[in-house]
Amino acid sequence: MPRHSAAVYRRRRVVLLGGLILLVAAIGVGVWLLVAQPWAHAAGPAPTSSASPNPTAGETPTSDPVTDPASPAPTTDVSESETPAVVACEAKDIVVAAVTDADSYQAGVLPKISISLTNTGPTDCTMDVGSTTQAFTVMSGSDVWWRSTDCQENPSSMIATLPAGTTVTSKDPVTWDRTRSSVETCGQENRQRAPGGGASYHVEVSIGGFTSASTKQILLN
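What you see is a predicted model, and the numbers here were worked out from it, not measured in a lab. (Residues numbered from 1 in each chain as written. Predicted model: local features only at pLDDT ≥ 70, side-chain atom pairs only at ≥ 80, totals over all residues. Heavy atoms only, no water.)

Could you give an account of the confidence of the model for the chain, with specific residues and numbers?
Predicted confidence across the chain gives a mean pLDDT of 78, with 62% of residues reaching 70 or more. With pLDDT under 50 throughout, residues 29-81 is counted as low confidence; its partners more than four residues away or in other chains account for nine contacts. (pLDDT = per-residue confidence, 0-100. Contact = heavy atoms within 4.5 Å.)

Here it is, written out as structure tokens:
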């Protein structure tokens, strides 16, 4: 076997030494990656002692409602199902009264009658305030002279909410033509006329099944 020169041996030692240096450097980098773990934050937060235990076989893991980004944020808004429903008005909370545009009327002047409605209860309530449920009655003593329902046309319903502690009055008054009414004489023009000369009449109203507790007195001259 030929004998190598000293230069060949020196080159081999340099190559071997360089290989050892690279091997040591690679081992050092591997150890640093294992200890430092620079990717841990990218993979998500590290588990803490409050984390739920791993599910056993056959169980479906559940998400933590506090840390799960898919869970909706808590809200303090009251849902529609929790909002108290507005209930029907009760007789104990409703005050009905007759309202007239004057206390006395000269000859030929026709009285105009409205309804005042008050909700004295602590909460809002609903009731039918349409013309179907309205009734205006004019009496002289016990003698009923006129009823608005005798010749009423096209009555309608209208459900309304009455706010607690408020009073409302019908917009369109009903006019009494100062005659005696009956269902048989609605189309007649010569119905009996109510006497004047200071005669006293009393007006009663009702709406939604509630009747005025007292009557309103008017005078016809």
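Go over the state of the cysteines, please, and point to the residues and values.
In total, this model carries two disulfides according to the counting rule given. Put simply, cysteine 89 and cysteine 125 are joined by a disulfide, and their sulfur atoms are 2.0 Å apart. Between cysteine 89 and cysteine 125, the S-S torsion sits near 85 degrees, and that sign places the bridge as right-handed. On the criterion of sequence distance, the pair formed by cysteine 89 in the loop between β1 (87-88) and β2 (94-100) and cysteine 125 in strand β5 (residues 125-128) is long-range, its members being 36 residues apart. The class of cysteine 89 is buried, set by a relative accessible area of 11%. Here cysteine 151 connects covalently by a disulfide to cysteine 186, the sulfurs 1.9 Å from one another. The S-S bond linking cysteine 151 to cysteine 186 shows a torsion near -90 degrees; that makes this disulfide left-handed. Of the two residues, cysteine 151 is situated in the loop between β7 (143-147) and β8 (159-162) and cysteine 186 in the loop between β10 (174-175) and β11 (199-207); the sequence distance between them amounts to 35 residues. Residue classification places cysteine 151 among the partly exposed residues on the basis of a relative accessible area of 29%. (Disulfide = S-S within 2.5 Å. Helix = DSSP H or I, 4+ residues; strand = E, 2+ residues; numbered from the N terminus. Buried < 20%, exposed > 50% of the residue type's maximum accessible area, 1.4 Å probe, protein only.)

How would you explain the packing of aromatic side chains if you had to name every residue and give the values?
Here the structure, examined in full by the defined rule, presents two aromatic pairs. Taking 6.4 Å as the distance between ring centres and 85 degrees as the angle between the ring planes, the aromatic pair formed by tryptophan 145 and tyrosine 201 counts as edge-to-face. Highlighted residues: tryptophan 145 in strand β7 and tyrosine 201 in strand β11, separated in sequence by 56 residues. In this structure, tryptophan 145 and tyrosine 201 share a single accessibility class: buried. Given a relative accessible area of 2%, tyrosine 201 falls into the buried group. Members of the aromatic cluster, joined through ring pairs, are Trp145, Trp176 and Tyr201. Cation over ring: arginine 180 sits above tryptophan 145, and NZ or CZ is 3.9 Å from the ring centre. (Phe/Tyr/Trp six-rings, centres within 6.5 Å; stacked < 30°, edge-to-face > 60°. Lys NZ or Arg CZ within 6 Å of the ring centre and 35° of its normal.)

Can you lay out the sheet that holds β8 for me, pointing to particular residues and giving the numbers?
One open sheet accounts for three strands, arranged β1-β5-β8; its pairing is mixed. Whereas interior strands pair on both sides, the edge strands pair on one side only; in this sheet they are β1 and β8. With four bridges connecting them, β5 and β8 associate as antiparallel partners. Paired with threonine 126 across the two strands is threonine 161, which belongs to β8. (Pairing = 2+ DSSP bridges.)

Which residues make up the environment of aspartate 124, and what values do they have?
As for its placement among the helices and strands, aspartate 124 is situated in the loop between β4 (112-119) and β5. Owing to a relative accessible area of 36%, aspartate 124 belongs among the partly exposed residues under this scheme. Residues aspartate 124 and valine 86 lie 38 residues apart in sequence; the distance between their C-alpha atoms is 6.3 Å. A polar contact of 2.8 Å, which involves the side chain of aspartate 124, links it to the backbone nitrogen of alanine 164. (Polar contact = N/O pair within 3.5 Å; in protein donor to acceptor, adjacent residues only side chain to side chain.)

Report on unusual backbone geometry, specifying residues and quantitative values.
Notably, asparagine 154 is not glycine yet its phi reads approximately 50 degrees, a positive angle. Here asparagine 154 is to be found in the loop between β7 and β8. Take asparagine 154: its relative accessible area is 71%, and that puts it in the exposed class. The backbone phi angle of arginine 178 is positive, close to 60 degrees, even though this residue is not glycine. Turning to its location among the elements, arginine 178 is positioned in the loop between β10 and β11.

Explain the side chain of serine 181 to me, using residue names and the numbers behind them.
Counting through the fold element by element, serine 181 comes out in the loop between β10 and β11. A polar contact is formed between the side chain of serine 181 and the side chain of aspartate 150, at a distance of 2.7 Å. Other than its neighbours up to four places away in sequence, serine 181 contacts Trp145, Trp146, Arg147, Asp150 and Arg191.

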